[in-house]
Amino acid sequence: MRLVYAAEMQALDRFTIQEVGVPAEVLMENAGRGVAEILLSRFPEEARRGTLILCGPGNNGGDGLVVARHLHQRGLPVKVLLLAPEEKYRGEAGINLRVARYAGIPLLRAQDEATLEALAPEILGAPLLVDALFGTGLSREVSGVFARAIELMNQAPAPVVAVDMPSGLSADTGRPLGVAVRATLTATMALPKVGQVIYPGREYVGELRVVDIGMPPRVIEERAPARFYLTRKWAAGCLKGRPPESHKGTFGHLLVLAGSRGKSGAAVLCARGALRAGVGLVTLVSAASLQPLLASYLPEALTWGLSPETPEGELSPECAGEILSRAERMRAAVLGPGFGLSEAAGQLARRLARELPVPTVLDADALTALSGRLEELKEARAPRVLTPHPGEMARLLGLPKEEIQARRLEIAREAARKSHQVVVLKGAATVVAAPDGREAVNSAGNPGLAQGGTGDVLSGLLGALLAQGYEPFEAACLAVYLHGAAGDLLSRRVGPFGFTASEVADALPRLFRELVLYAGNI
Ligand SMILES: NC(=O)C1=CN([C@@H]2O[C@H](COP(=O)(O)OP(=O)(O)OC[C@H]3O[C@@H](n4cnc5c(N)ncnc54)[C@H](O)[C@@H]3O)[C@@H](O)[C@H]2O)[C@@H](O)CC1
Ligand SMILES: [K+]
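Residues numbered from 1 in each chain as written. Chains lettered and ligands numbered in written order. Predicted model: local features only at pLDDT ≥ 70, side-chain atom pairs only at ≥ 80, totals over all residues. Heavy atoms only, no water.

You'll find the protein chain entered in an unreviewed UniProt entry as Bifunctional NAD(P)H-hydrate repair enzyme, with Thermosulfurimonas marina given as the organism. Per UniProt, the protein chain has the following entry under Subunit (unreviewed entry): "Homotetramer." (UniProt positions renumbered as here; feature names shortened; annotations may be inferred.)

Given below as structure tokens:
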């Protein structure tokens, strides 16, 4: 599913109205009816007891008036609270105000704070609230009567259904402009907005639903930017089938360059992630002294011990030639989990990052070795996918960590541009950016995944997808979705936290089954 900024959504709306010829009134009718249907399916009891709809001065308020009419037509008790003078309701919103008045829907008015205060009990006592104050047209800090109305909705015990956006939340940055509604459910029009799926916006949105407003799919396919919201539907559409006439060679041979003394678990978890993601073969390369240990942990993997090794039990730069020549026969590689942080290991990691002849995931210690040197990857012999967490990204770009977290999508974009490679910025709402401008935000995942070892599983899983022939951006997106969704599955079945990285890997086959059978629409 595509993901848009406010201006991009407005451009799609405009094109649909002006060029395709769908009347604006039709879009608003579909929007309001869609919200009413979601509201009725999700909160039928509350709707039977009564709904209060707060309407702002623009088309978002117009949508709210359409919701009111549909509830009223079903005989449900509904009231509208208008927060702008009636002459402000123009165009489609004006039409819907006239129709609502004609239909006899009770209209309350509060254009100043004193009047609103007198109506506070209406808001605080309503069984169900609909927030139709502002949508994508929010253009400045919220104040006065609107700010107070938002505070009252947030104090009210009733569920709040937000129309298109929780009012006050920026559709672009996901930050409140002054104050924002904390919605129980947000029914958004046509496509999800960036500010709804990154933090902190995600916490204001509650459950996110998308309303089909009748924008022709071709408009979205041809004119929406190549930015994707990684959902179950997206992943199900991206997953390749496994041909019945296949053998282990069909699914690729992955080289895992990971693990050193004291960090052998990283190699094991990485290989486990790869094996659970259906790769044909895994070869695990480590310093010779670790090889027996790794072999005993991973009967399914081939292991290969090399010397000389560093005093820290890491591969040494002298091993480069042998690794590079063996890699010629592989389909993909993972470089970095537990690889080692000595100067020598760093030197080897930097050389391999440039010279490995196959698509390669660069993770953990390999990223530390590349701190401040992203440009070196422009010359890499084959595509790379980088998987930094915010701390590693801060070192790669030489920026403070707070800045990374404040602008995650922009930062990933910048790192992709600098390195000419696909970049995955991990963390809550993982983002992916490709050097050609494609980008994505993950819908899946939960805080239970914030535990040592889960990153190693992700890099193995991603390597396995590269080895199976997925192109780097698609592999990165599918891997982050699967990894998050595996965490979500464990959170439901095991508990919200305390599940381990190995369990995340082991949950993958069940997810593949669910995706193959999936027939939903989000
Ligand atoms: N044709 C379209 O473009 C469609 C729009 N739809 C709805 O229309 C919305 C966008 O409508 P609009 O562009 O009219 O914008 P909004 O309804 O989101 O708000 C714009 C209005 O609020 C005022 N405003 C903005 N920030 C303010 C603030 N901080 N304090 C006080 N007033 C403020 C503006 O001056 C303007 O009057 C969407 O979110 C969606 O709900 C849907 O009906 C579907 C089709
Ligand atoms: K709203």
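Chemist: Tell me about the site of ligand 1, and please be specific about residues and values.
Modeler: In the vicinity of ligand 1 lie 20 residues, with N59, D63, G135, R140 and D164 positioned nearest. With respect to ligand 1, the backbone of G137 contributes an N or O atom lying 3.0 Å from an oxygen atom. Coverage of ligand 1 by the protein chains reaches 82% of its 870 Å² of free accessible surface. Secondary structure elements with two or more residues in the shell around ligand 1: α1 (6-20), α2 (24-42) and α4 (59-73). Residue composition of the shell around ligand 1, by class: eight nonpolar, seven polar and five charged. (Near = heavy atom within 4 Å. Polar contact = N/O pair within 3.5 Å; in protein donor to acceptor, adjacent residues only side chain to side chain. Areas by Shrake-Rupley, 256 points an atom, 1.4 Å probe, with all protein chains shown as cover. Helix = DSSP H or I, 4+ residues; strand = E, 2+ residues; numbered from the N terminus. Nonpolar A, V, L, I, M, F, W, Y, C, P; charged D, E, K, R; others polar.)

Chemist: With reference to specific residues and values, describe the pattern of salt bridges.
Modeler: For the structure shown, the criterion picks out 28 salt bridges. Between E86 and R101 there is a salt bridge whose closest N-O contact spans 2.3 Å. Taken together, the positions of E86 in the loop between β2 (78-82) and α5 (91-103) and R101 in helix α5 put the pair 15 residues apart, joining distant regions of the chain. Residue classification places R101 among the partly exposed residues on the basis of a relative accessible area of 41%. The partner of E355 in a salt bridge is R351, and the shortest N-O contact between them spans 3.2 Å. A residue pair is termed a helical-turn pair when its members lie 3 or 4 positions apart in one helix, as E355 and R351 do in helix α15 (residues 343-355) at four residues. Judged by its relative accessible area of 27%, E355 falls in the partly exposed class. (Salt bridge = Lys/Arg side-chain N within 4 Å of Asp/Glu carboxyl O. Buried < 20%, exposed > 50% of the residue type's maximum accessible area, 1.4 Å probe, protein only.)

Chemist: Outline the sheet that holds β2, listing residues and values.
Modeler: Read across the sheet, seven strands follow the order β3-β2-β1-β4-β5-β6-β7 without closing on themselves; strand pairing throughout is parallel. Two strands in the sheet have a free side with no partner beyond their single neighbour: β3 (107-109) and β7 (207-211). Adjacent strand axes in the sheet meet at a mean angle of 20°, parallel and antiparallel pairs treated alike. Bridge analysis of β2 against β3 gives three bridges, and the strand direction is parallel. Bridge pairing links L82 to R109 in β3. Running at roughly 140° to β7, α2 makes contact with β4 (128-132), β5 (160-163), β6 (185-189) and β7 of the sheet. α4 rests against β1 (51-55), β2, β4, β5 and β6 of the sheet, and its axis sits at about 160° to β1. (Pairing = 2+ DSSP bridges. Axes fitted to C-alpha atoms, helices over the stretch in contact; angles between N-to-C directions. Contact = heavy atoms within 4.5 Å.)

Chemist: Lay out the side chain of T16 with the relevant residues and their values.
Modeler: With respect to the helices and strands, the residue T16 is situated in helix α1. Not counting the four nearest positions on each side in its chain, T16 is found in contact with G21, V22, L27, M215, P216 and V219.

Chemist: Outline the packing of helix α12 (residues 264-276) against helix α22 (residues 501-517), listing residues and values.
Modeler: The contact between α12 and α22 brings their axes to 8 Å, and the two run at 5°. Compared by their axis directions, α12 and α22 come out roughly parallel. Across from L269, R272, G273 and R276 in α12, the residues of α22 making contact are A501, S502, A505, D506, L508, P509 and F512. Of the residues that constitute the contact of α12 with α22, the class distribution is six nonpolar, two polar and three charged. (Parallel < 35°, antiparallel > 145°, perpendicular 65-115°, else oblique.)

Chemist: Which residues make up the UniProt feature "binding site: AMP" (unreviewed entry) in the protein chain, and what values go with them?
Modeler: Look at the UniProt record and you will see "binding site: AMP" (unreviewed entry) annotated at K426, G427, A428, A429, T430 and G455. The greatest C-alpha distance among the annotated residues, which extend across 30 residues, is 14.4 Å, indicating that they converge on a single site. With respect to the helices and strands, the residue G427 is situated in the loop between β15 (422-425) and β16 (431-433). Under the relative-accessibility criterion, G427 is labelled partly exposed at 37%. Structurally, the position occupied by A428 is in the loop between β15 and β16. Classification of A428 as exposed rests on a relative accessible area of 52%. When residues no more than four places from it in sequence are discounted, the contact partners of A428 are Y199 and R408.

Chemist: Go over the coordination of the potassium ion (ligand 2), please, and point to the residues and values.
Modeler: Around the potassium ion (ligand 2), the protein contributes the donor atoms N60 (OD1), D131 (O), F134 (O), V163 (O), M165 (O) and S167 (OG), which lie 2.5 to 3.0 Å from the metal centre. Classification of the site at the potassium ion (ligand 2) rests on its six donor atoms, whose angles at the metal span 68 to 169°, yielding the label irregular. In the primary sequence, the donor residues of the potassium ion (ligand 2) line up as N-x70-D-x2-F-x28-V-x1-M-x1-S. Judged by relative accessible area, which is 0%, M165 ranks as buried. (Donors = N, O, S within 2.8 Å, 3.2 Å for Na, K, Ca; no water. Tetrahedral: all angles 85-135°; square planar, octahedral: opposite > 155°, others 65-115°.)

Chemist: Can you lay out the UniProt feature "domain: YjeF C-terminal" (unreviewed entry) in the protein chain for me, pointing to particular residues and giving the numbers?
Modeler: Here, UniProt's "domain: YjeF C-terminal" (unreviewed entry) annotation points to residues 231-515. As a span, residues 231-515 carries 46% helix and 13% strand, and end to end its C-alpha atoms are 11 Å apart.

Chemist: Outline the domain arrangement of the protein chain, listing residues and values.
Modeler: You can read the domains of the protein chain as domain 1 (6-225) and domain 2 (236-517). The centre of domain 1, based on its C-alpha atoms, is set 42 Å off from the matching centre of domain 2. The interface is formed by six residues belonging to domain 1 together with eight residues belonging to domain 2. Note on domain 1 versus domain 2: buried area summed over both sides is about 450 Å², and carbon and sulfur give 61% of it. Joining domain 1 to domain 2, the criterion identifies zero salt bridges. Residue classes in the side of domain 1 that touches domain 2 are distributed as four nonpolar, no polar and two charged. (Domains from an automatic or database assignment. Buried area = accessible area lost by both parts, 1.4 Å probe.)

Chemist: Hey, could you go over the nonpolar core for me, with residue numbers and the actual values?
Modeler: Of all hydrophobic cores here, the largest spans 65 residues; its most connected members are V432, L478 and L482. Judged by nonpolar contacts, the second largest core, of 60 residues, contains A171, A327, L348 and L386. (Core = buried A, V, L, I, M, F, W, Y, C linked by side-chain atoms within 4.5 Å.)

Chemist: So, the side chain of S167: which residues are in play, and what are the values?
Modeler: If you trace the backbone, S167 turns up in the loop between β5 and β6. For S167, the residues in contact, after removing those within four places along its chain, are D131, L133, F134, I150, V179, A180 and V181.

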